[in-house]
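Residue-level structure breakdown
Residue strings, one per chain:
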Number of protein chains: 2
Amino acid sequence: MNSLFKALNDETRRKIVELLKKKDMNAGEIAEQFNISKPSISHHLDILKRADLITSEKKGQFVEYSLNTSILEDLINWILTLKK
Amino acid sequence: MNSLFKALNDETRRKIVELLKKKDMNAGEIAEQFNISKPSISHHLDILKRADLITSEKKGQFVEYSLNTSILEDLINWILTLKK
DNA sequence: AGAGTATTTAGATATTTGTCTAAATAACTA
DNA sequence: TAGTTATTTAGACAAATATCTAAATACTCT
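The present account deals with the structure reproduced in this document. What you see is a predicted model; the values in this text were computed from it and never measured. (Residues numbered from 1 in each chain as written. Chains lettered and ligands numbered in written order. Predicted model: local features only at pLDDT ≥ 70, side-chain atom pairs only at ≥ 80, totals over all residues.)

This brings us to the interface of chain B and chain A. Between chain B and chain A, the contact holds 15 residues from the first and 15 residues from the second. Only helix 1 (2-8), helix 2 (11-22) and helix 5 (72-82) of chain B provide two or more residues apiece to the side of chain B that touches chain A. For the side of chain B that touches chain A, the element with the highest residue contribution is helix 5 of chain B, accounting for five residues. Its residues assigned to classes, the side of chain B that touches chain A comprises eight nonpolar, three polar and four charged. (Contact = placed C-beta atoms within 7 Å. Helix = DSSP H or I, 4+ residues; strand = E, 2+ residues; numbered from the N terminus. Nonpolar A, V, L, I, M, F, W, Y, C, P; charged D, E, K, R; others polar.)

This is the structure we're talking about:
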């Protein structure tokens, strides 16, 4: 739960997640969408991956990232317990 | 959205929110539940309040805090857009 | 094998954050 | 009014975080 909230507590990472909702993208394509260096984006991707919010797959020299929506169930359930 | 994720990105604050789900509590009662100084708890309450997750009402010399679940709608909606 | 491209790792740095103690503010009580 | 209790504000500090550049790794292609 901690890693999930931590991962989403950053505007850049939330935007990455929103991008990946539309379609899978490789690291370079993701980085293009931001005015942030590639190493920084790589770091954000790592945090999202540790939180299980995204998965990655090596495709030749590219690394393709995909959204993993199943983990969001946990988040929704936590929130719903608060709303009774 | 930013302040909401920031507010929830802390174990102590999430526990405060869970406590307030059960019943309204004043600042001192909340602080009793943690091994953290009262000023620190006061700071956490301030962050939760800025995120609109809780409200406060002065009652004599006490300040009573309540959970505001309506703001959680925004959070759920954001998550649901990701799940399509 | 060597050059070029994609991505990550390492190390540095400035900012943010959670915590503390001490002091200030506010309200009750004798 | 003076003392006590409840809470917040102020200021300091260590740890965490987002970012950068430079270098390393991994893959492609001629």
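Another point: the pairing of strand 2 (residues 54-59) of chain B. Residue and element names in this part refer to chain B. Bridge analysis of strand 2 against strand 3 (residues 62-67) gives six bridges, and the strand direction is antiparallel. Paired with Lys-58 across the strands is Val-63, a residue of strand 3. Between strand 2 and the antiparallel strand that follows it, strand 3, lie two residues; Gly-60 among them carries a positive phi value of about 65°. (Pairing = 2+ DSSP bridges.)

Neighbouring residues of DNA strand D: 25 residues in total, closest Ser-37 and Gly-60 of chain A together with Asn-26, Gly-28 and Pro-39 of chain B. Listing elements by their share of the surface near DNA strand D, those giving two or more residues are helix 4 (38-50) of chain A together with helix 3 (27-32), helix 4 (38-50) and strand 3 of chain B. For the surface near DNA strand D, the residue count by class is seven nonpolar, 13 polar and five charged. (Near = placed C-beta within 6 Å.)

Surrounding DNA strand C, one finds 24 residues, the nearest of these being Asn-26, Gly-28 and Pro-39 of chain A together with Ser-37 and Gly-60 of chain B. Elements with a minimum of two residues in the surface near DNA strand C: helix 3 (27-32), helix 4 and strand 3 (62-67) of chain A together with helix 4 of chain B. Tallying contributions element by element places helix 4 of chain A first for the surface near DNA strand C, with six residues. Here the surface near DNA strand C is composed, by residue class, of seven nonpolar, 13 polar and four charged.

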